[in-house]
Amino acid sequence: MAPDSNGVIVGEDGLARPAWAATDPLMRNYYDQEWGLPVTDEQGMYERICLEGFQAGLSWATILRKRPAFRAAFAGFDPEQVATFSGADVDRLMQDPGIIRNRLKILATVKNAQATLELRGDGGLVDFVWSFRPDSTPEPRAAADIPTQSAESVALSKALRKRGFSFVGPTTMFALMEAVGIVDTHLVDSHRRGSSGIWRE
């Protein structure tokens, strides 16, 4: 599985993927079946925002392995339920070894649920996030060509903070935009390039 000159790795199945998705079966499955596909439901978008926040400073593989535990801990990321979590719930979650036990990130997840509910009166979280879709998307040939933030992710970060969200920095929001299909940063030679249907070649 040697990388070709354009940065992808061709697997035993003959499909070209970036290095981060080429070896670990969990990461490969996530890349092939989920990453970069449009997320257009409130619960899904809320979950992605929270998980990207938990990922800050950690590897995505760590978050992905813990996602079932995160979903169990946060009521399937139902914002209506999480918005009602109390200080006692936060203390309980701080004892949960299945998740990332970071009090600020746990508190942010509750705060973000409340902010998600408040956005319902103004078009909702999904439309709000998608309104920051850029006019064009990167066309990276190698991992080094992929930006870590953009003017749109900076603007989205500021807008979400203004609406009461936490752990939504510009780099975290660019990762969100990649994950939910708002931008397509699949390498040009990856078998997944263009798979979102949002960006046509």
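What comes next concerns the included structure. (Residues numbered from 1 in each chain as written. Predicted model: local features only at pLDDT ≥ 70, side-chain atom pairs only at ≥ 80, totals over all residues. Heavy atoms only, no water.)

1. Focus: the environment of P97
Operational definition: In this text, helices come from DSSP runs of H or I with a minimum length of four residues, and strands from runs of E with a minimum of two, each type numbered from the N-terminal end.
Looking at the element boundaries, P97 is found in the loop between α5 (87–93) and α6 (103–119). Distance in space between the C-alpha atoms of P97 and K66 is 9.8 Å, their sequence separation being 31 residues.

2. Let's talk about the nonpolar core
Spelled out, the test is: Among buried residues, those of type Ala, Val, Leu, Ile, Met, Phe, Trp, Tyr and Cys that are joined through side-chain atoms within 4.5 Å constitute a nonpolar core. Type-normalised accessible area, obtained with a 1.4 Å probe on protein chains alone, sets the label of each residue: buried when under 20%, exposed when over 50%, and partly exposed for intermediate values. Contact between two residues is taken to exist if any of their heavy atoms lie within 4.5 Å; hydrogens are not considered.
Residues M45, F70, F74 and L125 are the most contacted members of the largest nonpolar core, which totals 52 residues. Elements that contribute at least two residues to this core include exactly α1 (25–33), α2 (42–55), α3 (60–73), α5, α6, α7 (125–130), α8 (151–162) and α9 (170–179). Contact partners of M45, with chain neighbours within four places excluded, come to V39, L125, V126, V129, W130, L176 and V180.

3. Let's talk about the pattern of salt bridges
Our working rule: Basic side-chain nitrogens of Lys or Arg form a salt bridge, by our definition, when they fall within 4 Å of a carboxyl oxygen of Asp or Glu.
Under the definition given, this model contains twelve salt bridges. Linking R120 and E80 is a salt bridge whose minimum nitrogen-to-oxygen distance equals 2.7 Å. Of the two residues, R120 sits in the loop between α6 and α7 while E80 sits in helix α4 (residues 79–82), which places them 40 residues apart along the sequence. The class for R120 is partly exposed, based on a relative accessible area of 41%. For E80, a relative accessible area of 43% puts it in the partly exposed group. Note that R103 and D91 form a salt bridge whose closest N and O atoms lie 3.2 Å from each other. Note that R103 is positioned in helix α6 and D91 in helix α5, a separation of twelve residues in sequence.

4. Details of α6
The condition is simple: To estimate the expected span of a helix, count its residues, drop one, and scale the result by 1.5 Å.
The end-to-end C-alpha separation of α6 is 24 Å, in line with the 24 Å expected for 17 residues at 1.5 Å each. Buried within α6 we find K105, I106, A108, T109, V110, N112, A113, A115, T116 and L119. Buried positions along α6 lie against α2, α4, α5 and α7.

5. What about unusual backbone geometry?
Trans peptide bonds make up the majority, and among non-glycine residues the majority have a negative phi. In this structure, A75 takes a positive phi of about 50° despite not being glycine. If you trace the backbone, A75 turns up in the loop between α3 and α4. With phi around 55°, F167 is a residue other than glycine that occupies positive phi space. With respect to the helices, strands and loops of the structure, F167 is situated in the loop between α8 and α9.

6. A look at the layout of surface pockets
Going by this rule: Method remark: on a 1 Å grid restricted to protein atoms, a set of points is classed as a cavity if a 1.4 Å probe fits but cannot get out and as a pocket if it is open with protein on both sides within 12 Å along at least five of seven lines; lining residues have an atom within 4 Å of a point. Grid points are joined across faces, edges and corners, and a volume is the space filled by probe spheres set on the points. For this scheme, ten residues count as nonpolar: Ala, Val, Leu, Ile, Met, Phe, Trp, Tyr, Cys and Pro. Four count as charged, namely Asp, Glu, Lys and Arg, and the remainder, Gly too, count as polar.
Put simply, the largest pocket is a space of about 530 Å³. What lines the largest pocket is a set of 21 residues, and nearest its centre among them are W20, W35, I146, A175 and E178. Contributions of two or more residues to the lining of the largest pocket are made by α1, α2 and α9. When residues in the lining of the largest pocket are grouped by element, the largest group, five residues, is from α9. Looking at side-chain class alone, the lining of the largest pocket contains 13 nonpolar, six polar and two charged residues.

7. What about the packing of aromatic side chains?
Counted only if it meets this: Any Phe, Tyr or Trp ring, taking Trp's six-membered ring, that has another such ring centre within 6.5 Å forms a pair; planes under 30 degrees apart are called stacked, those over 60 apart edge-to-face, and the others tilted. Whether a charge sits over a ring comes down to the Lys NZ or Arg CZ being within 6 Å of the ring centre and within 35 degrees of the ring normal.
Taken as a whole, this structure holds ten aromatic pairs when the rule is applied. Judged by centre distance (5.2 Å) and plane angle (80°), the rings of W20 and W35 are edge-to-face. Here W35 lies in the loop between α1 and α2 and W20 lies in the loop between β2 (16–18) and α1, a separation of 15 residues in the sequence. Looking at W20, the relative accessible area reads 36%, which means it is partly exposed. Take W35: its relative accessible area is 10%, and that puts it in the buried class. Feature note: the residues Y46, F54, F70, F74, F77 and F85 constitute an aromatic cluster, connected by ring pairs. R92 extends its terminal NZ or CZ atom over the ring of F85, reaching a point 5.9 Å from the ring centre.

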